[in-house]
Amino acid sequence: MTALLTGTGLYRSYGPTPALRGLDISVAAGEIVAVTGPSGCGKSTLLHCLAGILRTDAGEVRYRDQDIGLWSEAARSRLRRTDFGVLFQFGQLVPELTAAENVALPLLLAGSGRREARKSATLWLGRFGVGDLADQLPGAMSGGQQQRCAVARALVTEPRVLFADEPTGALDVLTGEQVLTEIVHVAREQGTSVVLVTHEPRIAAYADREVALRDGVLDPTGLGLGLGA
Amino acid sequence: MKPATLVRLAAGGGRTDALRMAFTAASAVLAAVVLLAAATVGAVPELGDPGDGSAAWNTRYSSPLIAEPGLRPGVVMTLLLLAVPVLFLAGQSIRFGSPARDRRLAALRLAGATPGQAVLLAAAETATAALLGSLLGTGVFLALRVLLDHPEADGRRPLPTDVLPGIAAFVLVLLLVPVLAGLIGAFLLRRVIITPLGVVRRTRSRKPRLWPGVLILAGVFVPFVIRPLGEFLAHAGGSTGRDLSIAGAFVVVLLAVVGVVVGTGWISYTGGRLLHRFGRRPAVLLAGRHLMADPWNGSRTLSALLAALVIGAGVLGYRAYMVTQFAASDAADRLSADGGEGYGAENSFYLNSVDLVRVAVAVGVVVAAAGIMVALAEGIVTRRRTYAALVAAGVPRRVLGESLAWQTLTPLVPAVLVALTVGLSLVRGVAQEATAGGGGTCDGTEAQCADLTSPYWHLSPEVTLAVPVPLGQLAVLGGAALLVMLLVVGVGLIFLRRSTDLDELRIA
Amino acid sequence: MGGVSTSHVLLGLLCAGPQHGYELKKAHDERLPRAKPLAFGQVYATLGRLERDGLVAQTGQDREGGPDRTSYALTDAGRQRLDEWLAAVEPPAPYVSSTLFAKVVVSLLASGAAAATDYLIAQRAAHVARLRELTAVKTARDASAGDVVAADYAIAHLDADLRWLQTTLARVTDLHQEVIT
């Protein structure tokens, strides 16, 4: 397998505190990679850098052999919209838009017609078991239902890479497992790569491979020594 | 709770809290300046009985508004009225970012604070900011006094920059502004129950009612039917009918004013529905849904803006009427044989007085716009996580900015047009033409004068001029309001830029 | 977990109706997919014991397929024994008797903190690999509910072990001090 997405010598700091201190990582097409480590180890920062949300201070992020760090904000925005899907722990749905409108949003931005976008949105909502909630506002849904909508929105554009930052962090165990299983199924079917950030071994086990981080660098022991769990 | 603890807890908070305190302080500055200005005009020394006419004028001032004792209370009133939009601004500022603040208060409740202490804390925070603001405002006022002190060649001043209000007035302002702010702060918490486990907010989630919309539509269309209706009634019922139609029109227009001011929620909601129904672009969809979901956000300040515009349009209409009236008098004077001077000389004075109100309206518009800006900024800051997540997902900031502009301007444009129309109708419902002259004198004996057609009668010709619609000035007023709102949107975009900084994703 | 009582499981499987030894073995491996498969010898030995105690009874012999085709059915006494077992609450972890735990302590005594740490790291890697294997079984498209429930059970235990491994690593030095004094 050749690498679809690679990060080489990634360095990124917030003010004086470095979050990433020279880190290498690669993700193959269709591969599910878990990024683990204790809180504060830099795993979210790594996800943001790989997804082109944040620029690195040093090092390069290559996607399909292009250094996206050199791209403009607009170009990276477009890339995130077309090739990447992004999923956070919570709070990503627009509260005033219905579930279907939230999911349709990326398609509308890509220039789809309203009816067509709604059709795909409903389809994807159905795929994640929340098809009957298409016309509900996020506020009227449970956390699990909201997260299912968020997954549908992240996948509706059929991205090549899905970036998921603690996607089950706000869910109960069973709901979290269901959501993850659904993500894995879709990723396997469509050959989507997944970068899955989590601090839980149980969640990381959904990946093909685990990359452990400690203090902004790779941790070969995977144990997050000294920082506890 | 010791006062020191109270202050430390009240002043401690995040960036949003700092912004709220800054906005609150800024509105306190405005309030202090306006109130002190009013006190200054009130403190201009009386030189005699106001009934003495020009003998009692304080000739140290070139502006008759300040010099004439009979006019000064009007100026003071105008200044005090200006405090009303400032109050709206203050209310909006105090509410800025309050959900986060209320959660902080809930955490304090969990740590053992009583409900009273929580409210006290919120009020203390507001009052502290307002006290700082009114101190600063006093400084600004004193600085303005010096800066604006330009005696003319004859030693007279245009403004009373040489008098100071009494110490009592200063103390009153310094106390009144923080106390009022604290009370507003506590009042705004009335819908919020802060429990140790979180905040229960009794929100206005109902959809806006229809009746303000009906009032607005009536206000817009009634002016078109006033005249035909009046003519019909005058034909049918004589002068009583005509008076009735004028009174009826006046009442309808007044109701429309109420509709505009109360109906901002309806305007926002309806605008949102139309955007959602007919919009194609994602930005329009976002804006439409936002307006539908929260039509009340900033509705009070929008009301203040519209009220200022209604008054402004009314003043413009009244000014047009006055100008026409003067023109009619002049024409009548010229036509009549005795050729008196009429009111011509004093015309500019009356127009100046009206213009002062115009300045007040302009200030009111700006202050109300500042309130809308605060409401807009608040909306952005509370939703920053969602915005940041959208940007992370590749939604261009441009789309978010566009939706912000749609969401602000959609209710505004029709509301401004309606407010201007209604304000103008208010005046035109009463006077559409100005008449001067007429009447006459008779220099014959009583018997000779009994016959109106006798040559002893010198009849002045009657001049009637139609009052023109001051379209140009209205356009300037409306345009200026829109321009100010565009500025507001611009500031909103800056907030948006800062709030979609992707570091926000780190704040859970 | 102490050994699962094979006799009680067989009693339970016989609730579905009379079966002979081979059928019982197949049913056992199917219903408890992640458990250690039963040996034939164990099935027959257990059935013999159950018959001796009057908990099962022979219902007939089927000579078609070969010699050992005796069918067994549950007796009333057997049903009663099964119900008693099902209703009895298992004592929650009465003794800490994990090999993992014993190994860490002994390794600290015998070879010092570095060896114990190495062992913990290696053990963690093995646990993680197994966890991933079981998760893959669970997320397979054709996974049955039985597969998922069985995998869940193992995953929960592995997860608990992993947490313990992780915290113990942080405490290895303290534990070492305690053990050697």
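Residues numbered from 1 in each chain as written. Chains lettered and ligands numbered in written order. Predicted model: local features only at pLDDT ≥ 70, side-chain atom pairs only at ≥ 80, totals over all residues.

Before going further, it helps to spend a moment on the overall build of chain B. From N to C terminus, chain B includes 16 helices and 6 strands. The buried share of chain B, taken over its 508 residues, is 43%. By sequence separation, contacts in chain B at least 24 residues apart represent 83% of the contacts at least 6 residues apart. (Helix = DSSP H or I, 4+ residues; strand = E, 2+ residues; numbered from the N terminus. Buried ≥ 20, exposed ≤ 12 C-beta atoms within 10 Å, placed from the backbone. Contact = placed C-beta atoms within 7 Å.)

Our next topic: unusual backbone geometry. All names here are of chain A. The backbone phi angle of Glu158 is positive, close to 50 degrees, even though this residue is not glycine. For Glu158, the position within the fold is in the loop between helix H5 (143-155) and strand S7 (161-165). Positive phi values are uncommon outside glycine, yet Glu166 reaches one of about 45 degrees. Looking at where Glu166 falls in the secondary structure, it is placed in the loop between S7 and helix H6 (173-190). Given 22 C-beta atoms within 10 Å, Glu166 falls into the buried group.

Now for the interface of chain C and chain A. Listed per partner, the contact involves 16 residues of chain C and 15 residues of chain A. Only helix H6 (113-139) and helix H7 (145-180) of chain C provide two or more residues apiece to the side of chain C that touches chain A. The biggest single contributor to the side of chain C that touches chain A is H7 of chain C, with 8 residues. A breakdown of the residues in the side of chain C that touches chain A according to their chemical character gives 7 nonpolar, 4 polar and 5 charged. (Nonpolar A, V, L, I, M, F, W, Y, C, P; charged D, E, K, R; others polar.)

Moving on to the domain arrangement of chain B. Size of an interface: often given as the accessible area lost when the parts come together. Residue and element names in this part refer to chain B. Assigned domains of chain B: these are domain 1 (3-201) and domain 2 (211-433 + 464-506). In this assembly, 18 residues from domain 1 lie in contact with 20 residues from domain 2. Elements that contribute at least two residues to the side of domain 1 that touches domain 2 include exactly helix H2 (15-42), helix H3 (64-67) and helix H4 (72-95). Residue contributions to the side of domain 1 that touches domain 2 peak at 10 residues, all from H4. Among the residues making up the side of domain 1 that touches domain 2, the classes are represented as 12 nonpolar, 6 polar and no charged. (Domains from an automatic or database assignment.)

If you look at the biggest cluster of nonpolar residues, it comprises 213 residues, and the most contacted ones within it are Leu125, Phe163, Val195 and Leu196 of chain A together with Leu305, Leu309 and Ala419 of chain B. For this core, the leading source of residues is helix H11 (residues 299-335) of chain B, giving 17 residues. Setting aside its immediate chain neighbours within four residues, Ala419 of chain B contacts Val260, Leu306, Leu309, Val310 and Ala313 of chain B. Of all hydrophobic cores here, the second largest spans 13 residues; its members include Leu13, Leu14, Val56 and Leu82 of chain C. (Core = buried A, V, L, I, M, F, W, Y, C linked by C-beta atoms within 7 Å.)

Attention now moves to the sheet that holds strand S6 (residues 84-87) of chain A. Residues and elements named next belong to chain A. Spatially, the 6 strands line up as an open sheet ordered S6-S7-S8-S3-S9-S10, and their pairing is mixed. The sheet terminates laterally at S6 and strand S10 (217-218), the two strands that pair on one side only. Sheet topology places S6 next to S7; 4 bridges connect them, and they run parallel. Each bridged residue has a counterpart across the sheet, and for Val86 the counterpart in S7 is Phe163. (Pairing = 2+ DSSP bridges.)

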